[in-house]
Amino acid sequence: MKYSRLLLVQSLLLATNTASFIKLSQAFVSSPQKPLYSFQCSKGINSITSSSCLNALPTEKRPLASMLDVSQLIYQYVYIRRMVQEHESTVNGNDKKTEEEKKSIPIIEFDTPALVVTDNAAGVEFKKSKLKHVITAAAIREFLTRNRAYVKEDKGGDLTFDETGKNKEITKVEEKLRSLEGRFNADIIEYDDSYVNNEGLLGLGSELLYSVVVNRSDGRITVCFRGTALSDGKKDAFVDLRACRVKPDKDFDELSGKSITLHKGFYNYLFKQKQKSDGETKFEHICDLLEEVYNYKEKEMDYSDYSLYVTGHSLGGALAQLFAFAIAGTKRAQSFLPKGKPIIAVTYASPEVGNKGYQTYFNELEKNDQVRHLRVSNKGDLVPFGLGLLVPGYKQPGVNIHVVGEEKEPDIAYDRTKIAFAFANPLDMHSPNTYRNRLPNHIIEKSAEDFYSDFDL
């Protein structure tokens, strides 16, 4: 028994290491056999700024593919943003570095870095956003085109800096964005990779990377949480394995008397840590921003009727389902969220988050049409059920879509945690690319309501 638990812990750590983050970004530039979007806006993307698709009717189809694609775009943007911040002369005081420092980290002038970073922008578009202006998918593509000489792909398919400035190859990310032109009219409204000190977890600095994306092509606002990554600090893996549960604070009035306990690490990440900038928790900050976006009425834009989606892979999946649960059950959010549209969480490889009380109250929110949760797990991936084996009492909510192999029919059930070992590399089984390739096309085509219609809530 001790050996099996040790093997499980080792597998969990393996499945949530840096390569998980790398494979997620790789997935964005692969899987060409499955088209991303079935909807096309008649106006398309006609500039590097926001463009209007006000006459387009949003579709709720294909949330499984759409949410994974949004996540993967955000993760590629991570590399682009950090590349500019490291090497661009006009940001981060890079122009003041010594000649010796510039030898180790070359400093250049990118062509129009404001396309992808907002450090030097004047004013703000959304007051609660850390970005001074939105970042559009078209702007990311334009930046890659203009700076092709300095942006290349490494062997793993990740974007990296070319010190020679002589690259001529078009990256797969740029090709992908060009192929989506006219079908992916989206803005990155918020991108937060700021660090928050947390002495409660071995004194390590932490990072919760999340983004808010407005996708006019699909009529969606998406909150996307990053999956586990060790490259930005070791804390995320410790959060994953900090499996003890706590009761929500008394300030969660809606949860009082519900016998709910939540994974301590996930709970603290969203609801306890305070941001240095404004003293708010991440949950409070995201809610403030969402309220601002839903009330936005400028530049001929009106997002008040857009559906709210929440997504993430691995640790990001756990945070996504917990955030969806919390905002769906919070009275404040009902004042700005569209009526009659449940919040839809789409998670991949999500660890368990709470106990039976959490699952029960999640079910109540589902019955009241306040939330939906499509939870995709994969045969051979230990992360979706590992915490429950280490610490009994965890329960997973929502519709579980358990994939078992490419072009094989998934096992679909409600309120079920599928325990399925396999003789395979757990890291490969945890990869979003594997998840995507194992989802049959007829499953990808379904909406959240298509899945839920098969079950009597």
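J.: It is not clear to me how the overall build of the protein chain should be interpreted in this structure. Could you clarify?
T.: Along the backbone of the protein chain there are 16 helices and 15 strands. Across the 457 residues of the protein chain, 58% fall into the buried class. The contacts in the protein chain between residues at least 6 apart in sequence include a share of 75% that link residues at least 24 apart. Accessible area of the protein chain: about 18,500 Å², with a carbon and sulfur share of 51%.

J.: I would appreciate a short explanation of the pairing of strand S11 (residues 307-313) in the present structure.
T.: Remark: a regular strand shows side chains that alternate across the two faces of the sheet. With seven of its seven residues buried, S11 lies for the most part within the structure. Of the two faces of S11, the one carrying Ser307, Tyr309, Thr311 and His313 and the one carrying Leu308, Val310 and Gly312 are both buried. Bridge analysis of S11 against strand S12 (residues 343-348) gives five bridges, and the strand direction is parallel. Note that in S12 the partner of Val310 across the bridge is Ala345. Following the chain from S11 across helix H10 (residues 315-328) to the adjacent parallel S12, one finds a crossover that is right-handed.

J.: Would you explain the pattern of salt bridges in this entry?
T.: Opposite charge on two side chains makes pairing possible when the charged atoms of those side chains draw close. Evaluation of the coordinates by the stated rule reveals 20 salt bridges. One salt bridge in this structure joins Lys172 and Glu153, with 3.8 Å as the shortest N-O distance. Residue Lys172 is located in helix H6 (residues 172-179), and its partner Glu153 is located in strand S2 (residues 151-153); the two are separated by 19 residues in the primary sequence. Its salt-bridge partner being Arg332, residue Glu291 comes within 2.9 Å of it at the nearest N-O pair. Residue Glu291 is found in helix H9 (residues 282-294), and its partner Arg332 is found in the loop between H10 and S12; the two are separated by 41 residues along the sequence. Using a relative accessible area of 26% as the deciding quantity, one classes Glu291 as partly exposed. If you follow the salt bridges from partner to partner, you end up with Lys128, Glu280, Asp288, Glu291 and Arg332 in one network.

J.: Just to check I follow, could you spell out the sheet that holds strand S8 (residues 220-225) for this structure?
T.: Hydrogen bonds between backbone groups are what pair the strands of a sheet, and the pairing can be parallel or antiparallel. Taken together, the nine strands give an open sheet; going across it, the order is S1-S4-S7-S8-S11-S12-S13-S14-S15, and neighbouring strands pair in mixed fashion. Each end of this open sheet is capped by a strand with a single partner; those strands are strand S1 (135-136) and strand S15 (411-414). Pairing between S12 and strand S13 (residues 371-378): six bridges, direction parallel. By the bridge assignment, Thr347 is partnered in S13 with Arg375.

J.: Which parts of the structure should I look at to understand the side chain of His430?
T.: By the secondary structure assignment, His430 is in helix H13 (residues 426-430). A polar side-chain atom of His430 sits 3.0 Å from a polar atom in the side chain of Asp381.

J.: Just to check I follow, could you spell out unusual backbone geometry for this structure?
T.: Peptide bonds are, in most cases, trans, and in most cases residues other than glycine have a negative phi. The phi angle at Ala349 is positive, at roughly 55 degrees, despite the residue not being glycine. Along the chain, the position of Ala349 falls in the loop between S12 and helix H11 (356-367). A positive phi angle, near 60 degrees, is found at Asp369, a position not held by glycine.

J.: What exactly am I supposed to notice about the packing of aromatic side chains here?
T.: How two aromatic rings sit relative to each other is given by the distance of their centres and the angle of their planes. Following the criterion strictly, the structure yields 21 aromatic pairs and no others. With centroids separated by 6.1 Å and ring planes inclined at 40 degrees, the aromatic side chains of Tyr294 and Phe336 adopt a geometry described as tilted. Highlighted residues: Tyr294 in helix H9 and Phe336 in the loop between H10 and S12, separated in sequence by 42 residues. Phe336 sits in the buried class, given a relative accessible area of 5%. The interplanar angle of 90 degrees and the centroid separation of 5.7 Å between the aromatic rings of Phe325 and Tyr361 together place this pair among those described as edge-to-face. Residue Phe325 is located in helix H10, and its partner Tyr361 is located in helix H11; the two are separated by 36 residues in the primary sequence. In terms of burial, Phe325 and Tyr361 fall into one category: buried.

J.: Looking at this structure, how should I read H6?
T.: Residue pairs spaced three or four apart in an α-helix point in one direction, given the helix's 3.6 residues per turn. Those residues of H6 not exposed but buried are Val173, Glu174, Lys176 and Leu177. Taken end-on, H6 shows its buried residues confined to a sector of 160 degrees, consistent with a single buried face.

J.: Would you mind going over the packing of helix H5 (residues 137-146) against H6 with me for this structure?
T.: The geometry of H5 relative to H6 is characterised by a closest axis approach of 9 Å and an angle of 135 degrees between their N-to-C directions. In this view, H5 runs oblique relative to H6, as classed from their interaxial angle. You can see that H5 and H6 cross each other, and the crossing is left-handed. Across the interface between the two elements, Ala137, Ile140, Arg141, Leu144 and Thr145 of H5 pack against Val173, Glu174, Leu177 and Arg178 of H6. The residue inventory of the contact of H5 with H6, partitioned by class, reads five nonpolar, one polar and three charged.

J.: Help me understand the environment of Val310, please; the structure alone is not making it clear to me.
T.: Position of Val310 among the secondary structure elements: in strand S11. For the pair formed by Val310 and Leu322, sequence separation is twelve residues and the distance between their alpha carbons is 9.7 Å. Excluding residues within four positions of it along the chain, Val310 makes contact with Val223, Phe225, Ala320, Phe323, Ala324, Ile343, Ile344, Ala345 and Val346.

J.: Even after reading the chapter, I still don't get the nonpolar core, so can you show me in this structure?
T.: When a protein is soluble and globular, its nonpolar side chains tend to lie buried together. Counting residues in each nonpolar core, the largest one holds 53 residues, and the members touching the most others are Ile221, Phe225, Leu290, Phe323 and Ile327. Of all the secondary structure elements, the ones that give two or more residues to this core are strand S7 (210-215), S8, helix H8 (264-271), H9, S11, H10, S12 and H11. The element contributing the most residues to this core is H10, with eleven residues. If you look at the next biggest cluster of nonpolar residues, it comprises 35 residues, including Val116, Ile140, Val173 and Leu177.

J.: Looking at this structure, how should I read the confidence of the model for the protein chain?
T.: Caution applies to low-pLDDT parts of the model: their predicted coordinates are not meant to be read in detail. In this model, the protein chain carries an average pLDDT of 78, and 77% of its residues clear a pLDDT of 70 or more. Mean pLDDT across the secondary structure elements of the protein chain bottoms out at strand S5 (residues 195-197), with 37, and peaks at S12, with 96. Here residues 1-59 scores under 50 on pLDDT; set against residues more than four positions off or in separate chains, the count is 155 contacts. Low pLDDT, under 50, characterises residues 229-239; the stretch is placed with 36 contacts to residues that sit more than four places away or in other chains.

Reading the values: the criteria
- Residues numbered from 1 in each chain as written.
- Predicted model: local features only at pLDDT ≥ 70, side-chain atom pairs only at ≥ 80, totals over all residues.
- Heavy atoms only, no water.
- Helix = DSSP H or I, 4+ residues; strand = E, 2+ residues; numbered from the N terminus.
- Buried < 20%, exposed > 50% of the residue type's maximum accessible area, 1.4 Å probe, protein only.
- Contact = heavy atoms within 4.5 Å.
- Areas by Shrake-Rupley, 256 points an atom, 1.4 Å probe, with all protein chains shown as cover.
- Pairing = 2+ DSSP bridges.
- Right-handed = clockwise from strand over helix to strand, strands pointing away.
- Salt bridge = Lys/Arg side-chain N within 4 Å of Asp/Glu carboxyl O.
- Polar contact = N/O pair within 3.5 Å; in protein donor to acceptor, adjacent residues only side chain to side chain.
- Phe/Tyr/Trp six-rings, centres within 6.5 Å; stacked < 30°, edge-to-face > 60°.
- Arc of directions from axis to C-beta.
- Axes fitted to C-alpha atoms, helices over the stretch in contact; angles between N-to-C directions.
- Parallel < 35°, antiparallel > 145°, perpendicular 65-115°, else oblique.
- Left-handed = near helix turned anticlockwise from the far one by under 90°.
- Nonpolar A, V, L, I, M, F, W, Y, C, P; charged D, E, K, R; others polar.
- Core = buried A, V, L, I, M, F, W, Y, C linked by side-chain atoms within 4.5 Å.
- pLDDT = per-residue confidence, 0-100.

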